[in-house]
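# Fold and contact review
Now for the letters of each chain:
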Amino acid sequence: MADTVARLAGTTSSRALASPRRRGLTSWQDRLAGVIMGGPALIVFIAMFLVPMVLAVVLSFTDWNGYSLHFDFIGLDNYAKAFKNPRTIDAAAFTAVIAVAGTILCNGIGLGVAALIAGNGRGNTVLRTIFFYPYIISALIIGFLWSAILSPQGAINSLLTQFGVSPLPFLTDVTFAKVSVILTIVWSHFGFNMILYLAGIKSVPAEYYEAATVDGASRWQQFKSITVPLIAPVVTVNLVLTLVGLLKAYDIILALTDGGPAASTQTIVYQILRDSFAHANLGFGAAQSIVLLVVTAVIGLAVTFARRGADQKASES
């Protein structure tokens, strides 16, 4: 009996000693597996994001033209020039207009359309496809398409001429061109916002609407008091994604107006690419890129924190 107890005690003690070793080995294997699985993504992230960003920061302090191997360090001259250059200031101002107006319109239209076609009918399914389709089309194609529609000899002006109406300067007048650019961008982007809002609306429990209907609440009251508060996180995501995306607007403008008339529809990204390559001043373009990156990050974080603060106040009340 004593021998049996001794053997069992020895076996238990050996297992107790081996158990931490096994756990340590398993933990090490899990870490190795994580490194192996995440390694390729990390390498791509470093190669495609961190390295170019570091190079852009370095080049922003130089006068490199993008072609020769010779360049000089000029300190903060490029940054000072970016804040004093009238063309850059005008481009930044129009970019801000696109970002603010586009964010409001894309989210307002997207949320309204999502609320109207949130039902399960076949017609709503078709409408969702129609509204979302422009978002998956190349931005250059959209720009060329609307250029053909809005040009002086385009479809709309040809139709107006047939009815005896004078053609409208959609792309040749400064004000008309700016409005045309903004509305074209909104038309091509709001379908993405609509899909996100649809997902948020579908996640709201139907019991809330049933209880509100019993209490006599109208559709508008249900939308205002139930739908909007419960999809607040989706609103935050949509606002940030839309705002950040529109700050980088370039493709549609390139194909629609090419920055005209009189450089009135140039955005900051359009200006960066033009200074970097067309004017062979990549150092200056890099400085503008860094400024845009910082501004975009600050605005994105500000919108996120503002929305979170509003959501917390709403939940507390």
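All values reported here derive from a predicted model rather than from experimental measurement.

## Side note on a nonpolar patch on the surface
A surface patch of nonpolar side chains, about 600 Å² in accessible area, is lined by Leu-42, Phe-45, Ile-46, Phe-49, Leu-50, Val-51 and Leu-55. Tracing the sequence through the fold places Phe-45 in helix α1 (residues 2–59). For Phe-45, a relative accessible area of 42% puts it in the partly exposed group.

## Some remarks on the packing of aromatic side chains
In this description, a pair of aromatic rings is defined by centroid distance and the angle of the planes. Counted by the stated rule, this structure contains 10 aromatic pairs. When the centroid spacing of 5.0 Å and the interplanar angle of 20° are considered together, the rings of Tyr-135 and Phe-192 count as stacked. In this pair, Tyr-135 sits in helix α4 (residues 122–136) while Phe-192 sits in helix α7 (residues 174–202), placing the two residues 57 residues apart along the sequence. A relative accessible area of 25% means that Phe-192 is categorised as partly exposed. Taken together, the ring pairs in this structure connect Phe-132, Tyr-135 and Phe-192 into an aromatic cluster.

## Some details on the pattern of salt bridges
Considering all chains together, one arrives at one salt bridge under this definition. Note that Arg-87 and Asp-275 form a salt bridge whose closest N and O atoms lie 3.4 Å from each other. On the criterion of sequence distance, the pair formed by Arg-87 in helix α3 (residues 86–116) and Asp-275 in helix α12 (residues 268–278) is long-range, its members being 188 residues apart. For Arg-87, a relative accessible area of 37% translates into the label partly exposed. Take Asp-275: its relative accessible area is 2%, and that puts it in the buried class.

## Focus: the environment of Ser-60
Along the chain, Ser-60 turns up in the loop between α1 and α2 (77–84). Relative accessible area serves as the criterion here: at 0%, Ser-60 is assigned to the buried category. With residues up to four places along the chain from it excluded, the contact list for Ser-60 reads Gly-75, Asn-78, Tyr-79, Gly-283, Ala-286 and Ala-287.

## Things to note about α12
Three or more residues of α12 are buried, namely Ile-268, Val-269, Tyr-270, Gln-271, Ile-272, Asp-275 and Ser-276. Phi turns positive one or two residues past the end of α12, at Ala-280, with a value near 50°.

## Section: the packing of α4 against α7
Axis separation between α4 and α7 bottoms out at 6 Å; the angle between their running directions is 130°. The angle between the axes of α4 and α7 places the two elements in the oblique class. Of the two elements, α4 crosses α7, and the hand of that crossing is left-handed. Residues Arg-128, Phe-131, Phe-132, Pro-134 and Tyr-135 of α4 touch α7, and the partners they reach there are Trp-187, Ser-188, His-189, Phe-190, Gly-191, Phe-192, Met-194, Ile-195, Leu-198 and Lys-202. For the contact of α4 with α7, the residue count by class is 10 nonpolar, three polar and two charged.

## Observations regarding the nonpolar core
Ile-98, Val-181, Ile-185 and Ile-231 are the most contacted members of the largest nonpolar core, which has 37 residues in total. Only α3, α5 (139–150), α7, α8 (206–214), α9 (219–230), α10 (232–247) and α11 (251–256) provide two or more residues apiece to this core. Sequence-distant contacts of Ile-98, that is, excluding residues within four places in its chain, are made with Thr-103, Val-181, Ile-182, Ile-185, Leu-246, Ile-253 and Thr-267.

## Some details on the packing of α7 against α10
Taken N-terminus to C-terminus, the directions of α7 and α10 make an angle of 160°; their axes are 10 Å apart at the nearest point. In terms of orientation, α7 and α10 fall into the roughly antiparallel class. Seen from above, α7 lies across α10 with right-handed handedness. Here Ile-185, His-189, Phe-192, Asn-193, Leu-196, Tyr-197 and Gly-200 of α7 lie close against α10, whose contacting residues are Val-234, Val-235, Asn-238, Leu-241, Thr-242 and Leu-246. Class assignment for the residues of the contact of α7 with α10 results in eight nonpolar, five polar and no charged.

## Quick look at unusual backbone geometry
Following Gly-260, the chain continues into Pro-261 via a peptide bond in cis, with omega recorded as -5°. Along the chain, the position of Pro-261 falls in the loop between α11 and α12. Backbone geometry at Asp-258 places phi at a positive 55°, although glycine is not the residue there. Tracing the chain through its elements places Asp-258 in the loop between α11 and α12. For Asp-258, a relative accessible area of 46% translates into the label partly exposed. Phi angles above zero are rare outside glycine, and Ala-262 is one such case at about 55°. Positionally, Ala-262 belongs in the loop between α11 and α12.

## Details of the side chain of Thr-242
As for its placement among the helices and strands, Thr-242 is situated in helix α10. Aside from chain neighbours lying at most four places away, what touches Thr-242 is Gly-102, Thr-103, Cys-106, Asn-107 and Asn-193.

## Focus: the environment of Val-57
The residue Val-57 is located in helix α1 in this model. What makes Val-57 partly exposed here is its relative accessible area of 33%. Val-57 sits 229 residues away from Ala-286 along the chain, and the two C-alpha atoms are 7.0 Å apart.

Procedures and definitions
- Residues numbered from 1 in each chain as written.
- Predicted model: local features only at pLDDT ≥ 70, side-chain atom pairs only at ≥ 80, totals over all residues.
- Heavy atoms only, no water.
- Patch = residues over 30% accessible without salt bridge, like charges linked within 9 Å, V, L, I, M, F, W, Y side chains within 5 Å.
- Areas by Shrake-Rupley, 256 points an atom, 1.4 Å probe, with all protein chains shown as cover.
- Salt bridge = Lys/Arg side-chain N within 4 Å of Asp/Glu carboxyl O.
- Helix = DSSP H or I, 4+ residues; strand = E, 2+ residues; numbered from the N terminus.
- Buried < 20%, exposed > 50% of the residue type's maximum accessible area, 1.4 Å probe, protein only.
- Phe/Tyr/Trp six-rings, centres within 6.5 Å; stacked < 30°, edge-to-face > 60°.
- Contact = heavy atoms within 4.5 Å.
- Axes fitted to C-alpha atoms, helices over the stretch in contact; angles between N-to-C directions.
- Parallel < 35°, antiparallel > 145°, perpendicular 65-115°, else oblique.
- Left-handed = near helix turned anticlockwise from the far one by under 90°.
- Nonpolar A, V, L, I, M, F, W, Y, C, P; charged D, E, K, R; others polar.
- Core = buried A, V, L, I, M, F, W, Y, C linked by side-chain atoms within 4.5 Å.

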